[in-house]
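The chain contents come next:
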Amino acid sequence: MHHDTRSRTVTAPALLLTLVCTAAPLAMVWGAGGRGLSPHLVAALVGVICLVVALLLWRVLSQTAQLRAEVKEAHRQLGAERAARLQDQEAAALRYAELERQSQDERAELEVLYATAPIGLCVLDRDLRWLRINGHLAEINGIPASAHLGRTAYELLPGLAPQARRIVDQVMDSGLPLHGVEVRGETPARPGHERIWIEHFNPLRNSQGEVVAVNVVCQDVTEQVQAATALREADRRKDEFLATLAHELRNPLAPLRSGLDILQRAPAHSEVALRAQEMMARQLAYMVRLIDDLLDVSRIRTGKLELRRRRVAVQDVIDAAMESSRPRLDAAHHRLTLAVPTEPLAIDADPVRLAQVLSNLVNNAAKYTPPGGRIEVYARAVGDQAHITVTDNGMGIPASMLPHVFDLFTQVGHHAEHAQGGLGIGLSLARKLVALHGGTLEACSAGPGQGSTFTVTLPRQPGVSPSHLEADGAGTATPVPEIPATAPRPAPESDAVPPGPSARRVLIADDNLDAGATLAMLLELEGVTTRTVGNGPDALLELAAFRPHLFFCDIGMPGLDGHEVARQVRADPSHQRTVLIAVSGWGSDTDKRHAEAAGFDGHLTKPVDAQALRALLRVHLPD
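Keep in mind that what you see is a predicted model, and the values were worked out from it rather than measured. (Residues numbered from 1 in each chain as written. Predicted model: local features only at pLDDT ≥ 70, side-chain atom pairs only at ≥ 80, totals over all residues. Heavy atoms only, no water.)

*Asks:* What's the story with the overall build of the chain in this structure? I'm lost.
*Replies:* Looking only at helices and strands, the chain features 16 helices and 18 strands. Looking at the 623 residues of the chain, the share that counts as buried comes to 43%. A separation threshold of at least 6 residues defines the contact pool for the chain, and within that pool the share at least 24 residues apart is 64%. Taken as a whole, the chain presents about 33,200 Å² of accessible surface, with 58% of it coming from carbon and sulfur. (Helix = DSSP H or I, 4+ residues; strand = E, 2+ residues; numbered from the N terminus. Buried < 20%, exposed > 50% of the residue type's maximum accessible area, 1.4 Å probe, protein only. Contact = heavy atoms within 4.5 Å. Areas by Shrake-Rupley, 256 points an atom, 1.4 Å probe, with all protein chains shown as cover.)

Encoded structure:
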């Protein structure tokens with residue numbers, strides 16, 4: 001538009017000037033003609049004027065053409081610029097549309113990730129109101145995601161709200177994140193079950209930089225924590241088992257080593273040598289059973305244990321089991337009561353393995369029942385099953401231990417006392433053997449000091465239906481009279497030495513009777529007078545009557561253990577001069593410190609070395 005204006009501005013004055021320049025000479029020529037100028041002069045003047053006019057016209061026309069060309073070029077450039085601008089605008093619009101589409105896709109992707117993330121995500125304001133929450137956290141809380149929005153933690157999770165209140169306030173007030181916060185509590189998803197979460201809290205700010213909300217990342221680590229706890233417990237039980245295994249192997253090694261020392265010093269066919277050989281044979285058999293139990297556990301776990309099943313009467317299995325358990329029952333002076341059906345109660349079983357199960361149960365009852373306790377074994381038919389029950393009036397099982405009594409390497413009571421011995425594999429092995437027979441083994445107890453009951457349930461063999469038994473197995477089985485435990489062997493006459501200043505008297509207390517007896521024989525070969533008892537209460541009674549100079553006391557005795565015996569001895573002024581020596585399969589520095597704290601003057605680890613024993617006698621019982 002400005003090019004057209006410029007063309008008109010240049011052309012109009014040029015034409016006006018041309019007209020003036022043409023009119024003036026013509027007027028002059030006209031006037032001259034009137035004055036009588038010559039025609040030739042007039043013609044020359046006209047020619048000059050025409051030439052000037054032509055030049056002026058040419059100039060005007062040239063400028064006009066140039067201006068038109070410039071205008072045309074300007075129009076072309078403007079068109080090109082306009083087209084470029086339009087193209088840029090279109091490209092920008094396309095780019096904006098592409099960015100908007102990408103933004104929407106990314107937003108949708110983030111929404112999907114947020115909604116389906118395998119960890120809990122939410123946004124809380126200062127009032128603990130949910131502004132946003134994903135499905136996983138809603139599932140953890142046991143409440144639909146839509147029900148959270150606009151509601152507060154105090155409304156939906158009152159048990160967790162105080163913890164959240166403290167943390168959210170700290171993050172919003174400080175503007176700093178908190179990571180790795182452990183939160184414990186319950187949610188409606190699993191009421192009554194405490195869950196554990198690790199949570200991360202990050203402040204969210206508005207455009208002015210103010211903290212307006214908190215983003216929460218929540219991960220449920222309950223299973224991981226429980227697995228880690230179980231792993232630590234398994235590791236602890238493994239260490240405890242290895243220590244217990246060492247102790248249980250030392251127990252039979254003690255009489256074996258003492259027996260070897262006796263055989264080296266006693267005449268070959270003397271009564272002392274024969275007794276030592278018998279004790280060594282028993283202890284060797286015990287070690288074999290111990291190792292067999294370990295191997296059986298391994299065979300069962302690897303599926304290599306084979307049962308030799310046949311039709312067998314429950315009564316015969318019980319008889320075999322009682323024969324095996326009789327020495328332990330006798331040693332503890334337990335009263336045994338048997339009640340079995342008068343007619344055969346047939347089952348399909350491996351009699352050796354099933355007798356092993358019942359023997360383990362009876363031995364377990366004997367082990368956890370104080371001396372002189374009562375143990376009852378009942379068998380009866382219940383429908384198409386045979387039930388065998390072993391009941392005792394011993395120390396019982398705490399409710400917290402009942403779910404774990406059949407776990408491998410588990411023992412009732414704290415392992416540091418080791419009052420009952422054993423590897424903690426007998427019950428586990430028994431349950432696995434019963435399961436291989438298609439049966440079950442269950443335990444129940446009213447609690448500490450209330451005794452325990454173990455029940456074996458096995459399928460009965462068809463075709464055996466004792467006529468005198470009720471269908472429900474109600475008590476028509478004939479009880480076997482109570483079988484008292486074998487009375488303890490009275491002390492020989494030579495042992496009954498009246499207390500006197502010249503006698504070198506030694507008292508030995510050990511629930512492993514063979515270990516106590518072999519130690520006594522070894523001491524007697526050194527010219528010492530001995531007395532031997534098998535439990536703590538008898539040791540205290542014998543201590544007052546025998547008045548020994550030296551008292552060897554086992555630590556791991558049932559009922560009243562060695563530590564408590566030592567404490568009671570030291571509390572009695574009349575026994576202040578008695579030298580107390582702990583004799584135990586537990587020989588760690590911790591065990592020795594516990595013995596010293598209880599009042600022992602020394603500690604010997606089983607098996608006792610004969611040279612160490614003689615050195616101790618020279619110090620405390622000089623000739």
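*Asks:* Even after reading the chapter, I still don't get the sheet that holds strand β16 (residues 550-554), so can you show me in this structure?
*Replies:* Picture the strands of a sheet paired through backbone hydrogen bonds; they go either parallel or antiparallel. An order of β15-β14-β16-β17-β18 is seen for the five strands of this open sheet, with the pairing classed as parallel. Where the open sheet ends on each side, the last strands, each with one partner, are β15 (529-533) and β18 (602-605). With direction set aside, neighbouring strand axes in the sheet form an average angle of 20°. As paired strands, strand β14 (residues 505-509) and β15 are joined by five bridges and run parallel to one another. Note on β15: the bridge partner recorded for Ala-509 is Val-533. Contacts from helix α16 (residues 610-620) reach β16, β17 (579-584) and β18 within the one sheet, and its direction differs from that of β16 by about 140°. (Pairing = 2+ DSSP bridges. Axes fitted to C-alpha atoms, helices over the stretch in contact; angles between N-to-C directions.)

*Asks:* Which parts of the structure should I look at to understand the packing of aromatic side chains?
*Replies:* Aromatic ring pairs: the centre-centre distance and the angle between the two ring planes describe each pair. Evaluation of the coordinates by the stated rule reveals one aromatic pair. The aromatic ring of Tyr-114 is capped on one face by Arg-132, whose charged end is 4.4 Å from the ring centroid. Between the NZ or CZ atom of Arg-431 and the centre of the ring of Phe-406, over which it lies, the distance is 3.9 Å. (Phe/Tyr/Trp six-rings, centres within 6.5 Å; stacked < 30°, edge-to-face > 60°. Lys NZ or Arg CZ within 6 Å of the ring centre and 35° of its normal.)

*Asks:* I tried to follow the nonpolar core on my own but got confused; where do I start?
*Replies:* Across soluble globular proteins, nonpolar side chains have a tendency to be buried as a group. Formed by 45 residues in total, the largest nonpolar core has its most connected members in Ile-318, Leu-361, Val-377 and Val-456. Here this core gets eight residues from one element, more than from any other, and that element is helix α10 (residues 351-367). Leave out the neighbours within four places in its chain, and Leu-361 touches Val-390, Leu-427, Leu-441, Phe-454 and Val-456. (Core = buried A, V, L, I, M, F, W, Y, C linked by side-chain atoms within 4.5 Å.)

*Asks:* Could you clarify how one ought to interpret the packing of helix α8 (residues 271-302) against helix α11 (residues 426-436) in this entry?
*Replies:* Packed helices, taken two at a time, are described by the angle their axes make and the gap between the axes. Packing of α8 against α11 leaves a shortest axis separation of 10 Å and a crossing angle of 45°. Comparing their axes, α11 and α8 come out oblique. You can see that α8 and α11 cross each other, and the crossing is left-handed. Along the contact surface, α8 presents Asp-293, Asp-296, Val-297 and Ile-300, while α11 presents Leu-429, Lys-432, Leu-433 and Leu-436. Of the residues in the contact of α8 with α11, the class split is five nonpolar, no polar and three charged. (Parallel < 35°, antiparallel > 145°, perpendicular 65-115°, else oblique. Left-handed = near helix turned anticlockwise from the far one by under 90°. Nonpolar A, V, L, I, M, F, W, Y, C, P; charged D, E, K, R; others polar.)

*Asks:* Is there a simple way to think about helix α13 (residues 536-546) in this case?
*Replies:* Because an α-helix completes one turn every 3.6 residues, residues spaced three or four positions apart along the sequence face the same direction. The set of residues buried in α13 consists of Gly-536, Ala-539, Glu-542, Leu-543 and Phe-546. Taken around the axis of α13, the buried residues stretch over an arc of 115°, which confines them to a single face. Of the exposed residues in α13, the ones pointing more than 90 degrees away from its buried face are Leu-541 and Ala-545. Looking at the buried residues of α13, the elements they touch are β14, β15, β16 and α14 (562-571). (Arc of directions from axis to C-beta.)

*Asks:* Whenever I open this one, the confidence of the model for the chain confuses me. Can you help?
*Replies:* Low pLDDT means the predicted atomic positions in that stretch should not be read closely. For the chain, per-residue confidence averages 82 on the pLDDT scale, and 84% of positions sit at 70 or higher. Taken as a whole, residues 414-420 scores under 50 in pLDDT and shows 16 contacts with residues more than four places along the chain or in a different chain. With pLDDT under 50 throughout, residues 464-502 is counted as low confidence; its partners more than four residues away or in other chains account for 71 contacts. (pLDDT = per-residue confidence, 0-100.)

*Asks:* What's the story with α10 in this structure? I'm lost.
*Replies:* Over its 17 residues, α10 runs 24 Å from end to end, which matches the ideal 24 Å to within 8%, given 1.5 Å per residue. Within α10, 16 of the 17 residues are buried, which leaves it mostly tucked inside the rest of the structure. For α10, the side-chain oxygen to backbone nitrogen distance between the N-cap and Val-352 is 3.1 Å, and the N-cap itself is Asp-350. (Expected span 1.5 Å × (residues − 1). Polar contact = N/O pair within 3.5 Å; in protein donor to acceptor, adjacent residues only side chain to side chain.)

*Asks:* I'm lost on the pattern of salt bridges in this one. Help?
*Replies:* Applying the stated rule across the entire model yields 27 salt bridges. For the salt bridge of Arg-309 with Asp-348, the shortest nitrogen-to-oxygen distance reads 3.5 Å. On the criterion of sequence distance, the pair formed by Arg-309 in the loop between α8 and β6 (310-313) and Asp-348 in strand β8 (residues 346-349) is long-range, its members being 39 residues apart. With relative accessibility at 37%, the residue Arg-309 sits in the partly exposed group. For Asp-348, a relative accessible area of 30% translates into the label partly exposed. (Salt bridge = Lys/Arg side-chain N within 4 Å of Asp/Glu carboxyl O.)

*Asks:* So what exactly am I meant to see when it comes to the sheet that holds strand β1 (residues 120-124) here?
*Replies:* On the basis of which strands lie adjacent, the open sheet formed by five strands has the order β2-β1-β5-β4-β3 and antiparallel pairing. Of all strands in the sheet, those with a lone pairing partner are β2 (130-133) and β3 (178-185), marking the two edges. Recorded for the sheet is a direction-independent mean angle of 25° between the axes of neighbouring strands. Inspection of the sheet shows β3 paired to strand β4 (residues 195-205) by six bridges, in the antiparallel sense. Residue pairing in the sheet places Arg-184 in a bridge with Ile-196 of β4. Helix-sheet contacts for helix α6 (residues 161-174) involve β1, β3, β4 and β5 (211-220), and the interaxial angle to β3 is about 165°.

*Asks:* So what exactly am I meant to see when it comes to the pairing of β17 here?
*Replies:* Across a regular strand the side chains alternate sides, sitting on one face of the sheet and then on the other. Most of β17 is tucked away: six of the six residues are buried. Both faces of β17 are covered, namely the face carrying Val-579, Ile-581 and Val-583 and the face carrying Leu-580, Ala-582 and Ser-584. Sheet topology places β16 next to β17; five bridges connect them, and they run parallel. Note that in β17 the partner of Cys-553 across the bridge is Ala-582. Read as a crossover between parallel neighbours, the route from β16 over α14 to β17 is right-handed. Where β17 meets β18, four bridges bridge the pair, whose relative direction is parallel. Looking at β18, one finds that Ala-582 is bridged to His-603. Viewed along the sheet, the connection from β17 through helix α15 (residues 589-598) into β18 turns out right-handed. (Right-handed = clockwise from strand over helix to strand, strands pointing away.)

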